[in-house]
Amino acid sequence: GAGVSQTPSNKVTEKGKYVELRCDPISGHTALYWYRQSLGQGPEFLIYFQGTGAADDSGLPNDRFFAVRPEGSVSTLKIQRTERGDSAVYLCASSLSGGAYEQYFGPGTRLTVT
Amino acid sequence: AQSVTQPDIHITVSEGASLELRCNYSYGATPYLFWYVQSPGQGLQLLLKYFSGDTLVQGIKGFEAEFKRSQSSFNLRKPSVHWSDAAEYFCAVGAGGYNKLIFGAGTRLAVHP
């Protein structure tokens, strides 16, 4: 079956611009996660959705970052007033449910802020 | 606070040699532990996981890992490495009610023919 997909695969934007990153989870997975992976680092948790609601957004670095999942499937990570420090690979994962279920990761979106 | 340490940034082994990648964690309760592999252009793939029970867990691609509570370690092993194992390996602990993963910085494995 189809895995987690993310679009675009690459995004280059100018400092100060707004960007949206999209994640399509595996069908039937109620839990969805966003992580950020900076160069040479492991993925860092951003936010976790259970269904349509954000159950844990403790990893969002500041109020420029926001994510939605309006119908409990596709999710969009939104970054306002981008900064060069936002450059990273943004990873999305989904799992059957929250808790100890295996998280399946997408290929990521590489964001470059110039 | 929960954390994961992977002491080795880079490791190089010869094809056919054995491999051990180190992972130490800090977690107050019973940890859920994972090893993921990331190949260039690929998403993270789960190799194996430990929740409870037998402390030696078997995974895909011939990998295994041993949970040692006394040492707060969860080292990954493979008896004979193949060239296709060259990748980056991440250890992670489940936190926040196991709803998020905390990753180590990764170990990049190179395999010499």
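Since we're looking at a predicted model, the values are computed, not measured.

A. Fine view of the pattern of salt bridges. Across all of its chains, the model carries 10 salt bridges over all chains by this definition. Between B:Glu66 and B:Arg77 there is a salt bridge whose closest N-O contact spans 3.2 Å. Here B:Glu66 is found in strand S8 (residues 64-68), whereas its partner B:Arg77 is found in strand S9 (residues 73-78), with 11 residues between them in sequence. The exposure class of B:Glu66 is partly exposed, given its relative accessible area of 24%. One network of salt bridges, with partners in common, ties together A:Arg64, A:Glu83 and A:Asp86.

B. The sheet that holds strand S8 (residues 75-79) of chain A, seen in detail. All names here are of chain A. Ordered in space as S1-S3-S8-S7, the 4 strands form an open sheet in which the pairing is antiparallel. In this open sheet, the two strands that pair with only one neighbour each are strand S1 (5-7) and strand S7 (65-68). Strand-to-strand twist across the sheet, computed as the mean angle between neighbouring axes with direction ignored, equals 15°. With 5 bridges joining them, strand S3 (residues 19-24) and S8 adopt antiparallel strand pairing.

Rules behind the numbers
Residues numbered from 1 in each chain as written. Chains lettered and ligands numbered in written order. Predicted model: local features only at pLDDT ≥ 70, side-chain atom pairs only at ≥ 80, totals over all residues. Heavy atoms only, no water. Salt bridge = Lys/Arg side-chain N within 4 Å of Asp/Glu carboxyl O. Helix = DSSP H or I, 4+ residues; strand = E, 2+ residues; numbered from the N terminus. Buried < 20%, exposed > 50% of the residue type's maximum accessible area, 1.4 Å probe, protein only. Pairing = 2+ DSSP bridges. Axes fitted to C-alpha atoms, helices over the stretch in contact; angles between N-to-C directions.

What is shown is where atoms sit, not what they do.
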